[in-house]
Structure formats: structure tokens, C-alpha cells
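# Per-entry structural report
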2 protein chains.
Amino acid sequence: MESIKQIAIVGGTHGNEYSGIYLLKKWHKAPSVLQRPGLNVEMVFANPAAFEANKRYVDCDLNRQFTYQSLSDDTLSNVEQARAKEINAQLGPKGDSRTDFIIDLHNTTSNMGPSLILLKSDDFNKKMGAYVLAKMPHAVVVFEDQVSMDEHYFLSSIAPQGVIVEIGPQPQSVIRQDVLDWMETMTHTLLDFVELYNKGKLPDLPSSYEAFKYEETLSLPQDDLGERIGMVHKQVQDNDFKPLVKGDPIFTLFDGGEIAYQGDYEAYPHFINEAAYYDNNLAMSLAKKITVTI
Amino acid sequence: MESIKQIAIVGGTHGNEYSGIYLLKKWHKAPSVLQRPGLNVEMVFANPAAFEANKRYVDCDLNRQFTYQSLSDDTLSNVEQARAKEINAQLGPKGDSRTDFIIDLHNTTSNMGPSLILLKSDDFNKKMGAYVLAKMPHAVVVFEDQVSMDEHYFLSSIAPQGVIVEIGPQPQSVIRQDVLDWMETMTHTLLDFVELYNKGKLPDLPSSYEAFKYEETLSLPQDDLGERIGMVHKQVQDNDFKPLVKGDPIFTLFDGGEIAYQGDYEAYPHFINEAAYYDNNLAMSLAKKITVTI
């Protein structure tokens, strides 16, 4: 892999996820804290229109608009579809990107702590996960490498390397200091990693570590008319990355009944009860625990 | 006081506070659970337009529109101003209300637990607070009796008796089972109380108890241009109803500085970092601890 020089730190891809937006404001006042030898770091405020409206998005989810098909279809021109094309022109274009590495800063209402979502599992990403866990022992690393970077629809898939920093729990439109501090620390840790990786000066890292790999997404219980009839079970709420096995209660119905997890594998729920996913009636994502070897 | 017969349970006064809205859905399917001898209980979905938009409100905060002045001014006709007049016609009119008691169901993103906000401090309300604390030991009672019912702008001020049930922490547009369960329990407890109060059959209650009395509201730190420059200190976050004394850190500035609490009384913060209050740049409310004697 070529060395990574051009880095974009993106905040406000979702307009009501405040940590990244306020960190950008902070860093614009003191950009030198982002400087690392050999790296050129730029900052992008991805969706100011959604922030102005104090919503996740104005017309559609910006962080789902970065497929080749969407980016090349000029008939897709609502607020976020148009903004995706602007960002792709500024940082990309996807497939031949002038940006080497994108750090996209997100919050979740779920109790995911400081999470790093990696979109592929090459040497760079696997070592990055190890480095972050060494520096932030409470962090969690999730691989969403079920499709290639080319196929991902995320903003951070514009560049050859891109991650999603996902920190919670934080209600939409709120700034929590603990969450802000975690995001700031993780961003600096990622920049430090890239500098050391480029120089071949990474510290000794464990030869393997535990991480999670995205498996599937569960919907909230609905009746035949599509009306929601239940909620995440209180034993699952806030227990992101705690294992679920077949028979464990997973949903409570409003009529008092319960639904148990029926999967045939030990599942690690995350994005549990994420507010933004109610639009699509989603309850949580499930991962499998994996051992990453370097 | 005359006996209380006509009760309104109101949910969805704010469209993204889901617990009350989903409890109304549940109770509409089984309204008999709300029945108590001698009481006539009706349900009101206060702001369906805001729920449809998945926002606190469409044009302005519905729960600030119930002053005599607003209710009588026909030029005030936006979505919530018009809806306030409809609700006042249905349940009131304020000052000569056909409804005796209003229970208005709210959520907060703050860690307030199950809180009961009382709008006046007569015998009925003081005993209601004692009864709720006896049945729900983790509950908190807050008196917002700094103005009279006539002067309050809350929906629940339409009736001679009205309370706000305020349960958190819950992100906007989310249903947490623990929060839903608390709200359901508190609503049933309030109905039980009214039935027993009417009959003069209240159980023995303590002759005094600790509660809180609203004192003032603090704003987030801003610069001269009105730009927010700080956030709630991490030592205060989630510590609703924990005491603050002069010199305790209360805000952290984005530049790393800290601001200490300067008040001359022991303050009990609540509504700490409530998402909805960012509109007005509010950081938290402060209360004084009081002893209520019956």
C-alpha cells in the first residue's frame, strides 16, 4: 500500500450528531493539533443543511448515498444526493480519490462506547484496530467488511481507506463531554497510527485481538399492518456487545409478551435501540465475535 | 376541594417523546385498565402532527401555549397555537374546566428517573407526592409552584389540578422499556391516589417528605456573538438531583477551561443537558431541596 498523505476528517454527516460538529468547530480554531509529520489533514462539515434543521438529514440519509450508481446519476438531486456529489468531487472521486483516508465522525444513541467501524480487513485496518485497542482499552472494533469499499454506500468509502468513528450513548442534538472526549481521543489516536504506519514505526502490537464482525440487522416486531407492537427488551437495552444466545429474551411486546432470540449463533448486539433506525423499524445490529490476527 | 371525577391522560404533547404516545396506543386497546370507581378517564393525543414529523413540535412548543392570553388570541394560529385552542375547548376551558385533573406524560433525555412535577402545593398535591413516593421509592417530586395554575403556560394547567409526569433518560424518538414501565406505573399510581383521595381512604402517609422546588434555569456558556463555547461538565452529566455547591465545576469550555457553580445555595440540577432545551441554549434547571409537611 502507498503511504497515506491526504486525510479528511468529516463531521456532521448526520446533522443531529453533535460531537463531530463541535469538534470541527474546535479544531477550526486550533488546526495545528491535527497536524502530523507527513500528513495533510483537511476538515469537512458534511451536512450543514441538516444541522441547521437540527435533523439527521433533510431529504435522505447522506451516509447511504456514496455508491457509484448514486454518485453518477444526475437525476438524484435532493439535498443529500446533491451534497454527496459535492463531497465526492471535493474528496474523491470514488475509485480515483485524491484523499487517501477518511475519518467520518458519528454518534449513536446506543450504548456502544467508543467504537471504530472498519470497512475492510487489510493489513492497515487490522493493525489500526490493534493500535486503537492498545491506546483505548475500552474501545470496540467492528468490521463491516461484508462488501468491498467499492460496494459500500458510506461517505468514508470514497477513499481507498476510510473508517467510521461511532460513539455513544448520546441523544440526538446533545453534546455529552464523555462522548466528545472519546471522539477526540480516538481521532488523535487514528492520526497517530497513520503517521507511525507510514514511517514503519508502529509499536509492538499483539499478534491477535478480539473484534466483532457485522452479521445482520433485526427489525422491531410489527403486526400485519406494519404497526410496531413491541420494543427492545430491558435486558438487552444498553447491553451493546454483550452476548445473546438462543432463547434469551430480546423484545418485549406492548401486550406484555416476550420474544426470544432464535438465532443459531452467539450474537453481539450493537446499535441497540438507535433512534435514527426507527425510520426503517430497525431494532439492532448483530455481530459475531472474531479473532483478528495480524 | 370538590372530588375529582373527570380525568384526562395526555400523551404526545411533544411529538418525539414516545413513552406517552405508545402507552396511549396500548391503553386504547385495553382502556379498562385505566378505570377506577368514581372516575371518568379520557385519553388525548395532544400533538399528532409533531409525532408525524418526528419532532418535538411543528411550529412552536405546544406545552408553552396555555396562558389565558395565548388561548384567547385568535391571531395566534400556527400548528401548536391552533392545537392548544382545540385542546382547551375539549378539556377546558381553562378557568372553568370540565376536566378536574390532567396527567400530561413527558420524556426527558436527562437522567431524572421517574419524576412527578407538581404545579401547585395544596393538600391534594402534597399528599399525591407522598403517595407516589410511598409506592415508587425511586421517584422524585418537584414543585414548580413558582406561579399559580392560572399563570402557568403548561397544558396541564387547563384543569384545576394537573401534573407533568417526566421520565428519563430517554433519547428523543426512542422507546426504552424501563422508562415506559416507570411511566405506566406512575400513571396507575396517580389514578389509584385520586380514587383513594376522593373516598377519604388514603393509607397512612409520612407527615413530611423531601422534595425539590424549582429555583432557576442556567444557560450554556456563550461568547459575545451567541456562539456556544462550552458544555455541561462531565461531573454534572447524569447527576440529576445530586447537590451542587459553590465552586463545583458545572461547565467545560471547548477550549479546555472550566466554569464553576457560583450560586449561594445548595442547588439540585435537573433537566441536565435536555436535548430539547438547546433551542433556547439552556443547560439545566436548578432546584432547592425542601421538606414538605402534610
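Sequence order sets the numbering: in each chain, residues are counted from 1 along the sequence as written. The naming scheme follows written order: chains are lettered A onward, ligands numbered 1 onward. At least 70 in pLDDT is required for a residue's local features to be given in this predicted model, at least 80 for side-chain atom pairs to be given and counted, and no such filter applies to totals for whole chains, interfaces and linings, which use all residues. In computing side-chain properties, one takes all heavy atoms of the structure into account and sets aside hydrogens as well as water.

For the record, the criterion: UniProt positions are given in the numbering used here, feature names are shortened, and annotations may be inferred rather than shown by experiment.
Where an unreviewed UniProt entry is consulted, chain A appears under the name Aspartoacylase, with the organism given as Thalassotalea agarivorans. According to its UniProt record, chain A has this under Sequence similarities (unreviewed entry): "Belongs to the AspA/AstE family. Aspartoacylase subfamily."

### A short note on the overall build of chain A
For clarity, the cut-off: Helix and strand definitions follow DSSP, with helices as H or I runs of at least four residues and strands as E runs of at least two, each counted in order from the N terminus. We compute the radius of gyration from the C-alpha atoms alone; for a globule the expected value is 2.2 Å times N to the 0.38, where N is the number of residues. In this scheme, a residue with accessible area under 20% of its type's maximum is buried, one over 50% is exposed, and one in between is partly exposed, where area comes from a 1.4 Å probe on protein chains only. A contact between two residues is defined here by any heavy atoms of the two lying within 4.5 Å. Note on areas: Shrake-Rupley, 1.4 Å probe, and residue coverage restricted to the protein chains presented here.
Within chain A, the regular secondary structure consists of six helices and twelve strands. The C-alpha radius of gyration computed for chain A amounts to 19 Å, which stays within 12% of the reference 19 Å derived for 294 residues, consistent with globular compactness. Along the first, second and third principal axes, the C-alpha set of chain A runs to 60 × 50 × 35 Å. The proportion of buried residues among the 294 residues of chain A is 57%. Long-range contacts, defined as pairs at least 24 residues apart, comprise 72% of the intrachain contacts of chain A with a sequence gap of at least 6. As presented, chain A carries roughly 11,700 Å² of accessible surface, and 48% of it is formed by carbon and sulfur atoms.

### Notes on the sheet that holds strand β9 (residues 249-253) of chain B
Residue and element names in this part refer to chain B. Quick reminder of the rule: Between any two strands, at least two bridges found by DSSP are needed for them to pair. Angular values range over 0 to 180 degrees, each being the angle between N-to-C directions of two axes fitted as lines to C-alpha atoms, with helices fitted over their stretch in contact.
Reading across from one edge, β8-β9-β10 is the order of the three strands in this open sheet, with antiparallel pairing throughout. The sheet is open, and its two edges are formed by β8 (230-232) and β10 (258-260), each paired on a single side. Neighbour-to-neighbour, the strand axes of this sheet turn through a mean angle of 30 degrees, independent of strand direction. Here β9 pairs with β10 via three bridges, running antiparallel. Bridging across to β10, Thr252 finds its partner in Glu258.

### Here we look at the sheet that holds strand β3 (residues 101-107) of chain B
All names here are of chain B. Spatially, β2-β1-β3-β6-β4-β5-β7-β12-β11 is the arrangement adopted by the nine strands of the open sheet, whose pairing is mixed. Looking at which strands have only one partner, the edges of the open sheet turn out to be β2 (40-45) and β11 (268-270). Strand-to-strand twist in this sheet, taken as the mean axis angle between neighbours without regard to direction, amounts to 30 degrees. Pairing of strand β5 (residues 140-143) with strand β7 (residues 208-219), which is carried by two bridges, proceeds in the parallel orientation.

### Quick notes on the packing of aromatic side chains
Our working rule: Classification of ring pairs rests on two measures: the distance between centres of Phe, Tyr or Trp rings, Trp counted by its six-membered ring, which must be within 6.5 Å, and the angle between planes, read as stacked under 30 degrees, edge-to-face over 60 and tilted in between.
Counting across every chain of the model gives 30 aromatic pairs over all chains. Centroid distance Tyr18(A) to Phe51(A): 5.5 Å. Interplanar angle 75 degrees. Geometry classified as edge-to-face. Of the two residues, Tyr18(A) sits in helix α1 (residues 18-29) while Phe51(A) sits in helix α2 (residues 48-53), which places them 33 residues apart along the sequence. The pair formed by Tyr18(A) and Phe51(A) is uniform in burial state, with each residue classed as buried. Residues Phe124(B) and Phe193(B) carry aromatic rings whose centres are separated by 5.4 Å and whose planes lie at 55 degrees to one another, so their mutual orientation is tilted.

### Some details on the side chain of Arg56(A)
All names here are of chain A. Keep this limit in mind: The term polar contact refers here to a pair of N or O atoms within 3.5 Å; inside protein, the definition further demands a hydrogen-donor-capable atom paired with an acceptor-capable atom, and it admits residues adjacent in sequence only when both atoms are side-chain atoms.
Tracing the backbone shows Arg56 in the loop between α2 and α3 (68-72). At 3.4 Å, the side chain of Arg56 and the side chain of His14 are in polar contact. Apart from residues no more than four positions distant in its own chain, Arg56 is found in contact with Thr13, His14, Gly15, Asn16, Glu17, Asn47, Ala50, Asp61, Arg64, Glu274, Ala276 and Tyr277.

### A few points about the interface of chain B and chain A
Here is the rule: By buried area we mean how much accessible surface two parts lose on assembly, using a 1.4 Å probe and totalling the loss over both. Salt bridges are defined by distance alone: a side-chain nitrogen of Lys or Arg within 4 Å of a carboxyl oxygen of Asp or Glu.
Each partner contributes residues to the interface: chain B has 29 residues there, and chain A has 29 residues. With both sides pooled, the region where chain B packs onto chain A buries about 2,700 Å², and carbon together with sulfur makes up 53% of that total. Taken together, the connections running from chain B to chain A amount to six salt bridges. Of the charged contacts, one joins Lys234(B) and Asp181(A) as a salt bridge, the two residues approaching to 3.9 Å between their closest N and O atoms.

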